[in-house]
Amino acid sequence: MTKENKTEFFTDWTYAPSPESTDHIKLNKQYDLFINGKFVKPNSKKYFSTINPATEEKLAEVALADEKDVDAAVNAAKNAYDKVWKKMPAAERGKYIFRIARLLQERAREFAVIESLNGGKPIRESRDVDVPLAANHFFYYAGWADKLEYAFPNKKPQSLGVAGQIIPWNFPLLMAAWKIAPALATGNTVVLKPAETTPLTALKLAELIRDSGLPDGVVNIVTGFGNTGAAIVNHPKVNKIAFTGSTDVGKIIQKSIAGTNKKVTLELGGKAANIIFDDAPIDQAVEGIINGIFFNQGHVCCAGSRLFVQENVADVVIAKLKQRLETLIVGNPLDKNTDIGAINSREQLQKINDYIKIGIDEGAEMYQSSCNIPAKGFFCKPTLFLHTSQSHRIVQEEIFGPVLAIQTFRTIEEVIEKANNIPYGLSAGVWTDKGSKIFNLTTKLRAGVVWANTYNKFDPASPFGGYKESGFGREGGLHGLMPYLQF
Amino acid sequence: MDFNNSPKIDQVGIEERVARFNTRSIKKQSKVQALKLALNMIDLTTLEGKDTEGKVIQMCYKAMHPADDLKDLPTVAAVCVYPNFVKTAKKALGNSGVKVASVATAFPSGNSTLDIKLSDTKLAVDDGADEVDMVISRGEFLKGNYNFVYDEIAAIKNACGKARLKVILETGELSTLDNVRKASDIAIAAGADFIKTSTGKIQPAATMPVTLVMLQAINDHYLKTGQMIGMKPAGGISTAKVALQYLVMVHETLGNKWLNNEWFRFGASSLANDIILQLGKEQKGVYYSKDYISND
């Protein structure tokens, strides 16, 4: 008796859904403002809804902070600065920050799930990147708290006072960590406003900070729209503004603080060049291109959204990109196998779709993955534009979505000129097997971060920030302490 | 042909890609399907000095009947033996469809003359081997004598006739991923039907990074010529979990066309029993003792 050596049972293999459970998540129906260590009702008495962009279902209502609320938050921060935080021995400050880091690690799964629910990013990323990296930022800056004299010898570093911090929706928790950790380590107190579409992990962080026993008022978190942010920026008792977001808003902030002695750091838009030379490890470069543009649905200010491929390898790189596009899984952000989740909001999806139309109208050749996208929720297929040139708007302007504009180049001089021919200068990528070429480019590219043979690598010890209209000031590393200190 | 122009490999990038395959979550029906597939891709192997006809016959029965107490199990793909056991295996397997693969060419070192290697191959083929697993001359490769390696593979391919040729690179002796890529390109150009990582006699044997580099060489050849080449990682893959990770890697590098035993094999001996254990758990609802599973 023998069995047939059959293979036909296996004609097609797809991964069964593997959704991360949400049973362990506790979300309130309504969230108030976190001021002076307590959750308080907003003066405005108004609340706004925050949704899950993958399903368009409401997750919670969040308080809308008006000028009086912001005033209360800033006063609480100022009071805590003068009476507690400024006077506390630096080592004690460090202990509180270490405690926040540990609590975040303990509750990592909860934060990851909420980040994906509220922001639309795949759970693989929130679990493996956002949350661990946020905890690492707290750990890293906790260590600096009592070593500032060593960081800046003979300079007598002093804290500034109240830091007003406004963060974007693409990495809600991570950006909160990037802002809060160095501010606390340097002895400042904080009023932070998360983005209106993604307030939940910041509010969860507020709960965690309350539970950590951090003195009241050291960190205050107020939610709202642009007006709330403007109230923070314009408040006279705020000594320092840290903003991450669009270049347009960055310009408004700079105008409104002109003539004051507020310090400011701006981390704004980008349109990074990702440069592939013919001697690059091609398959790994293709992976780097994919990671560079499709990480977090392309909602990354340092996304490698302009691809430059040396002409003699363009055909093979593009063929492989198309092949790789087919293996990207687009869909439910909570599925552990999802590579590309939901676009953060209806407005952002509209903006991306407008740019896709502009690209087509400009005559660039569009190529999209053949994947299906869910009918409900905000989704966009991973998109390539072939045969683009510097003059195309899709090459010049930041799209902030899963859309890659591909150009070819022939010589090193040409690609350096094209890479720099843009108002932005946040990041760049270089792919070549030749070390000398890497060093040549890193000195000539006008970008704050240049990755070689990799992309989108972040580490708390490494400074991050831009040239030109991508902003100024650095976050991360030793450099990230400086904007929060006076010497 | 100039094999110095093989694409460069970035080891860090390869390892990151592998790490990403390993975060795929394979559940429910897709897991059962993949476990059966993996079982069906196994080249059940015995390559020991102490092998006997009796042992080979017992293994052949296991190849045809991996676990008769479970429903809907496929057979394995092939048994892999030394040339002098090909006849025995062929007879034992009958018309079951399970193939006989024979190692040849002075396995495992490959240190002998071409004449000896050719007659070794002919012995296996004449005795009915469906597949020949040859080893490349690693010494000549590391000397940079790529044409020697190429010519040798081409000659063995010629001697194989209708039998399919698997070319073992013995990646554990090649030291770098750049060399793995180069050796893959040489083997494919010289006529390999399959490329295979290891003899199982050298550590490290098959690893995911090495296998990925070889899959990418296969993909490049396919994109250029439309011709499919098979892949066989061998040695060191002993658990169902790791086997599924390999399948994810094949699935996302070459696609479903390669997901059958015509184009992908696992060279393994203990893997089959771990897969049987997992499939048994799916069918019976509980894990049971390994004592219930035959060790042949």
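Refer to the preceding data block for the structure.
Residues numbered from 1 in each chain as written. Chains lettered and ligands numbered in written order. Predicted model: local features only at pLDDT ≥ 70, side-chain atom pairs only at ≥ 80, totals over all residues.

Asker: Can you break down the overall build of chain B residue by residue, with the values?
Answerer: When its secondary structure is counted, chain B shows eleven helices and eight strands. Against the compact-globule benchmark of 19 Å for 296 residues, chain B has a radius of gyration of 18 Å, which places it among compact chains. Overall, the C-alpha framework of chain B stretches about 55 × 45 × 30 Å when taken along its three principal axes. Every one of the 296 residues in chain B was classed for burial, and the buried ones make up 54%. When contacts within chain B are restricted to residue pairs at least 6 apart in sequence, those whose partners lie at least 24 apart make up 75%. (Helix = DSSP H or I, 4+ residues; strand = E, 2+ residues; numbered from the N terminus. Rg over C-alpha atoms; globule rule 2.2 N^0.38 Å. Buried ≥ 20, exposed ≤ 12 C-beta atoms within 10 Å, placed from the backbone. Contact = placed C-beta atoms within 7 Å.)

Asker: Before we move on, can you summarise the interface of chain B and chain A with the specific residues and values?
Answerer: Facing 38 residues of chain B, the contacting portion of chain A comprises 29 residues. Mapped by element, the contributors of at least two residues to the side of chain B that touches chain A are α1 (11-21), α2 (28-40), α9 (208-225) and α10 (240-253) of chain B. Counting residues per element, the side of chain B that touches chain A draws most heavily on α2 of chain B, at eight residues.

Asker: Any details on the sheet that holds strand β16 (residues 403-409) of chain A? Residues and values, ideally.
Answerer: Residues and elements named next belong to chain A. In space, the seven strands of this open sheet follow the order β14-β15-β16-β13-β12-β18-β19, with mixed pairing throughout. The two strands at the open ends of the sheet, each matched to only one other strand, are β14 (365-368) and β19 (449-452). With direction set aside, neighbouring strand axes in the sheet form an average angle of 20 degrees. Two elements, strand β15 (residues 383-386) and β16, share three bridges in a ladder whose sense is parallel. The residue of β16 that forms the bridge with T383 is V403. Strands β12 (273-276), β13 (306-310), β14, β15 and β16 of the sheet are contacted by helix α11 (residues 311-325), whose axis makes an angle of about 130 degrees with β13. (Pairing = 2+ DSSP bridges. Axes fitted to C-alpha atoms, helices over the stretch in contact; angles between N-to-C directions.)

Asker: Which residues make up the packing of α1 of chain B against α9 of chain B, and what values do they have?
Answerer: All names here are of chain B. Relative to each other, α1 and α9 sit at 100 degrees, their axes nearing to 9 Å. The orientation of α1 with respect to α9, classified from their angle, is roughly perpendicular. Every residue of α9 that contacts α1 at I14, E15, R17 and V18 is listed here: M208, P209, L212 and V213. Of the residues that constitute the contact of α1 with α9, the class distribution is six nonpolar, no polar and two charged. (Parallel < 35°, antiparallel > 145°, perpendicular 65-115°, else oblique. Nonpolar A, V, L, I, M, F, W, Y, C, P; charged D, E, K, R; others polar.)

Asker: Describe the packing of helix α10 (residues 282-294) of chain A against α1 of chain B, naming the residues involved and giving the relevant values.
Answerer: Between α10 of chain A and α1 of chain B, the shortest axis-to-axis distance is 9 Å and the interhelical angle comes to 55 degrees. By the angle between their axes, α10 of chain A is oblique relative to α1 of chain B. Relative to α1 of chain B, α10 of chain A is oriented so that their crossing is left-handed. Taken together, the residues of α1 of chain B that come into contact with α10 of chain A (itself represented by Q284, E287 and G288 of chain A) are G13, I14 and R17 of chain B. For the contact of α10 of chain A with α1 of chain B, the per-class residue count stands at one nonpolar, three polar and two charged. (Left-handed = near helix turned anticlockwise from the far one by under 90°.)

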